[in-house]
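# Coordinate inspection notes
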Amino acid sequence: MTEKKKKLRSADWFNDPSQPVDTALYLERYMNFGLTREELQSGRPVIGIAQSGSDLAPCNRHHLDLAKRVREGIRAAGGIALEFPVHPIQETGRRPTAALDRNLCALGLTEILHGYPLDGVVLTTGCDKTMPAQLMAVATLDLPAIVLSGGPMLNGWQGERRVGSGTIVWEARDRLSAGQIDLEQFMREVAASAPSIGHCNTMGTALTMNCLAEALGMSLPGCAAIPAAYRERTQMAYRTGLRIVEMVREDLRPSAILTRNAFLNAIKVCSAIGGSTNAPIHLQAIAQCAGVELSLDDWQRFGFEVPLLVDCQPAGEFLGEDFHRAGGVPAVIGELLRGGLVDGDARSVSGRSVDEEYRGCRAGNARVIRALQAPLRERAGFQVLSGNLFRSALIKTSVIGAAFRAKYLSDPARPDVFRVRAVVFEGPEDYHARIDDPALAIDELCILVMRNCGPIAYPGSAEVINMAPPRELIRKGVAVLPCMGDGRQSGTSASPSILHASPEAAAGGGLALLRDGDLIEIDLRRGSVNALIDDAEMERRRAALTLPVLTDQTPWQEIYRERVSALDEGATLRTRGEYTRVIERFGTPRNSH
């Protein structure tokens, strides 16, 4: 379809001769800051810049500057740029949890893109949930869109040692508990991990999700891992501005890119990079908005056997800057393509196929990005678990270290099977108050269980499951105990925890029935987790169960709790209607006057 034959969506606002009064109303106000009638009625695409940067979102703040180059790219390609703010999401600053904001941000952006005169949009992403929130919105509407990620911070250093954001918090926490460092040293080490603008420099949720945006085809090749402080990041902003105007003219929409095979490619890339445990929640949500069938079982079926290729913290040694310099996502996809593990026919926002873009891409540093023949770990994907405590949960196998494996998974008679005694906490406050209580008699044969931390209970689901052992055990050299819960943990954590137990305890899930002292058998051969309690006792406990009384502190918390789905379903909002390809199905909204 040529540009002359294609009517731009913005023309329904700015150039509708059948509605002169409405057209005049729309035009005159958009002219009051300097745009001209000639521009607005010229047939030039109007491109939104969804601005996620603000002082409240420091990991995305540099998008305030990057947007200038995006604007220049849009203008150079013949478009008109309109920049607007989106709801801020900052993982480390938002209480009770930034997980509350993902769906709210997605809803807000959906309404903006639906109700305003925009033909396409540049999505500015960075911190964990800014990518999925924005992709959820454009997948719902099916408006031409492209992701510009903000990039990781530069490497953090302590002497000659790389210090990774987030990951150092959990490492230094243990040394603080053991008395090896004091509070001042703890603070210095953590602060050293954030040396520049950008999001986490570890392979936490932020870098993972921006890598997966590229793996899905929604970013220009090479965009995901460019450090925020590099000049190439600003150059990528300009090229992104150029490309979105071309995409509008080509009518290249998310529905042509976000196919099931694209999501399966992203699952495999997630395994290869040692990606965050939060990735399944977010990809499930984006897929639902796009009307694409995707389940948690797909992560087991298509991702579990993929080897770990990227040596990046928390599953490895290096950081985001090293990953980019070694070739980034293009090198990983190139390796997976040559091994026949990803679909080369999937499309990119570049207009080319995955095969055309990535087939020749190779790693520049084989220590950071390994070949398929020499991976860091075989079978490095998430393992999906089930049993009498939940219908589903997952564990990140790429962070199961040698010490943990030797202690719990190396019984010659029953390899990958272990039994532990449950110590149950009702939330992080209860955990912090009681973890060092000698009466709990916590030892290496215990599993720390935290419940009431899921989407309904917290609300939003909190990153609290990577619990440290009691100080006394840490001083004896026991740095990690098995952990399990119905919440999440930071993607920067190397704890091999059992996460996202669904349904959650507050919804009557099996964790609500667990008591201190119950024996739990974890069998990674069969993917099962079971409390060793007979069915009759489980039924007695269920009959006596009283769910916690939850207090909504804001109107949004009430709405969220009433409509949110479980973590294994993407923690999306349940609606009565189906909302996919909204712009195509319903056209432009009614006039406002």
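It should be noted that the structure appears before, not after, this text.
Residues numbered from 1 in each chain as written. Predicted model: local features only at pLDDT ≥ 70, side-chain atom pairs only at ≥ 80, totals over all residues. Heavy atoms only, no water.

### Describing the pattern of salt bridges
Oppositely charged side chains are able to pair whenever their charged atoms sit close together. Under the definition given, this model contains 45 salt bridges. With a shortest N-O distance of 4.0 Å, arginine 475 and glutamate 472 are connected by a salt bridge. One end of the pair is arginine 475 and the other is glutamate 472, both in helix α19 (residues 471-475) and three residues apart, which spans about a single turn. You can call glutamate 472 partly exposed: its relative accessible area is 46%. Each of Arg515, Asp518, Glu537, Arg540 and Arg541 takes part in one network of salt bridges that share partners. (Salt bridge = Lys/Arg side-chain N within 4 Å of Asp/Glu carboxyl O. Helix = DSSP H or I, 4+ residues; strand = E, 2+ residues; numbered from the N terminus. Buried < 20%, exposed > 50% of the residue type's maximum accessible area, 1.4 Å probe, protein only.)

### Focus: helix α20 (residues 535-544)
The set of residues buried in α20 consists of Glu537, Met538 and Arg541. The buried residues of α20 all sit within an arc of 100° when viewed along its axis, so they share a single face. Opposite the buried face of α20, at more than 90 degrees from it, the exposed residues are Asp535, Glu539, Arg540 and Ala543. Sitting at the amino-terminal end of α20 is aspartate 534, which places a side-chain oxygen 3.2 Å from the backbone nitrogen of alanine 536. (Arc of directions from axis to C-beta. Polar contact = N/O pair within 3.5 Å; in protein donor to acceptor, adjacent residues only side chain to side chain.)

### Thoughts on the nonpolar core
By size, the foremost hydrophobic cluster in this structure holds 114 residues, and its most contacted members are Leu216, Leu283 and Phe323. Among the elements that line this core, the one with the most residues is helix α11 (residues 260-273), at nine residues. Once residues lying within four places of it in the same chain are set aside, the contact partners of leucine 283 are Met209, Leu212, Leu216, Phe263, Ala266, Ile267, Leu294 and Trp299. One finds Leu389, Ala422, Val449 and Leu511 within the second-largest nonpolar core, a separate group that totals 52 residues. (Core = buried A, V, L, I, M, F, W, Y, C linked by side-chain atoms within 4.5 Å. Contact = heavy atoms within 4.5 Å.)

### Brief notes about the side chain of serine 52
When you line up the elements, serine 52 lands in the loop between β1 (46-51) and α4 (63-76). When sequence neighbours within four positions are dropped, the list of residues in contact with serine 52 reads Ala57, Asn60, His63, Val86, Thr124, Thr125 and Gln134.

### Quick look at the sheet that holds strand β3 (residues 120-125)
One open sheet holds the four strands; their spatial order is β2-β1-β3-β4, and the pairing between them is parallel. This sheet does not close on itself; its edge strands, each paired only once, are β2 (80-85) and β4 (145-149). Strand-to-strand twist in this sheet, taken as the mean axis angle between neighbours without regard to direction, amounts to 20°. Direction of pairing for β3 relative to β4: parallel, over a ladder of five bridges. Each residue of the ladder has a partner; that of threonine 124, found in β4, is leucine 148. (Pairing = 2+ DSSP bridges. Axes fitted to C-alpha atoms, helices over the stretch in contact; angles between N-to-C directions.)

### Some remarks on unusual backbone geometry
The omega torsion of the bond from glutamine 313 to proline 314 falls at 15°, within 30 degrees of zero and hence cis. Considering the arrangement of structural elements, one finds proline 314 in the loop between α13 (296-303) and α14 (320-325). With an omega of -5°, the peptide bond between serine 502 and proline 503 qualifies as cis. Structurally, proline 503 can be placed in the loop between β12 (499-502) and β13 (519-523). Here the phi dihedral of aspartate 416 falls at roughly 65°; this positive angle occurs in a residue that is not glycine. Checked against the element boundaries, aspartate 416 lands in the loop between α17 (402-408) and β9 (417-425). Even without a glycine there, the phi angle at histidine 500 is positive, about 60°. Note on placement: histidine 500 falls in strand β12.

### Regarding the packing of aromatic side chains
Under the definition given, this model contains seven aromatic pairs. Measuring from centroid to centroid gives 5.7 Å for tryptophan 299 and phenylalanine 382, while their planes differ by 35°, and the two rings are tilted. Here tryptophan 299, found in helix α13, pairs with phenylalanine 382, found in strand β7 (residues 382-387); they are 83 residues apart in sequence, far enough to count as distant. Assessed through its relative accessible area of 5%, phenylalanine 382 is described here as buried. Relative to tyrosine 560, the ring of tryptophan 556 lies with its centre 5.9 Å away and its plane at 65°, an arrangement referred to as edge-to-face. One end of the pair is tryptophan 556 and the other is tyrosine 560, both in helix α21 (residues 555-563) and four residues apart, which spans about a single turn. Take tryptophan 556: its relative accessible area is 13%, and that puts it in the buried class. Of the aromatic side chains, those joined through ring pairs into one cluster are Phe404, Tyr408 and Phe418. (Phe/Tyr/Trp six-rings, centres within 6.5 Å; stacked < 30°, edge-to-face > 60°.)

### Comments concerning the side chain of glutamine 557
Structurally, glutamine 557 is set in helix α21. A distance of 3.1 Å separates a polar atom in the side chain of glutamine 557 from the backbone nitrogen of glutamine 553. Aside from chain neighbours lying at most four places away, what touches glutamine 557 is Pro96, Leu100, Pro459, Thr551 and Asp552.

### Let's talk about a nonpolar patch on the surface
A cluster of nonpolar residues, Leu176, Leu183 and Met187, forms a patch on the protein surface that exposes about 270 Å² of accessible area. Examined against the element boundaries, methionine 187 turns out to sit in helix α8 (residues 183-192). Owing to a relative accessible area of 46%, methionine 187 belongs among the partly exposed residues under this scheme. (Patch = residues over 30% accessible without salt bridge, like charges linked within 9 Å, V, L, I, M, F, W, Y side chains within 5 Å. Areas by Shrake-Rupley, 256 points an atom, 1.4 Å probe, with all protein chains shown as cover.)

### Quick notes on the packing of helix α9 (residues 205-215) against α11
At a minimum axis separation of 9 Å, α9 and α11 run at an interaxial angle of 140°. Here α9 is positioned oblique relative to α11, judged by the angle of their axes. In this structure, α9 meets α11 at a crossing whose hand is right-handed. Counting all contacts with α9, which are made through Thr208, Cys211, Leu212 and Ala215, the residues of α11 involved are Ala262, Asn265, Ala266, Val269, Cys270 and Ile273. (Parallel < 35°, antiparallel > 145°, perpendicular 65-115°, else oblique. Left-handed = near helix turned anticlockwise from the far one by under 90°.)

### Details of the state of the cysteines
Any covalent bond linking the sulfur atoms of two cysteines counts as a disulfide. Scanning the entire structure with this criterion turns up zero disulfides. Unpaired in this structure, cysteine 105 has its nearest cysteine sulfur neighbour in cysteine 127, at a distance of 11 Å. In this structure cysteine 289 is not part of a disulfide, and its nearest cysteine sulfur, from cysteine 105, lies 12 Å away. (Disulfide = S-S within 2.5 Å.)

### Observations regarding the environment of glycine 150
Residue placement: glycine 150 occurs in the loop between β4 and β5 (156-158). A relative accessible area of 1% places glycine 150 in the buried class. C-alpha of glycine 150 to C-alpha of valine 354: the two residues are 204 residues apart in sequence and 22 Å apart in space. Setting aside its immediate chain neighbours within four residues, glycine 150 contacts His62, His63, Leu66, Thr125, Gly126, Ile226, Ala228 and Arg233.

### Topic: helix α6 (residues 130-141)
Taking 1.5 Å as the rise per residue, α6 with 12 residues should run 16 Å; its terminal C-alpha atoms sit 17 Å apart, in good agreement. With respect to burial, α6 is a largely interior element, 12 of its 12 residues being buried. For α6, every residue scored as buried is listed here: Thr130, Met131, Pro132, Ala133, Gln134, Leu135, Met136, Ala137, Val138, Ala139, Thr140 and Leu141. Aspartate 142, located one to two residues past α6, shows a positive phi value of around 65°. (Expected span 1.5 Å × (residues − 1).)

The values are spatial; any link to function lies outside them.
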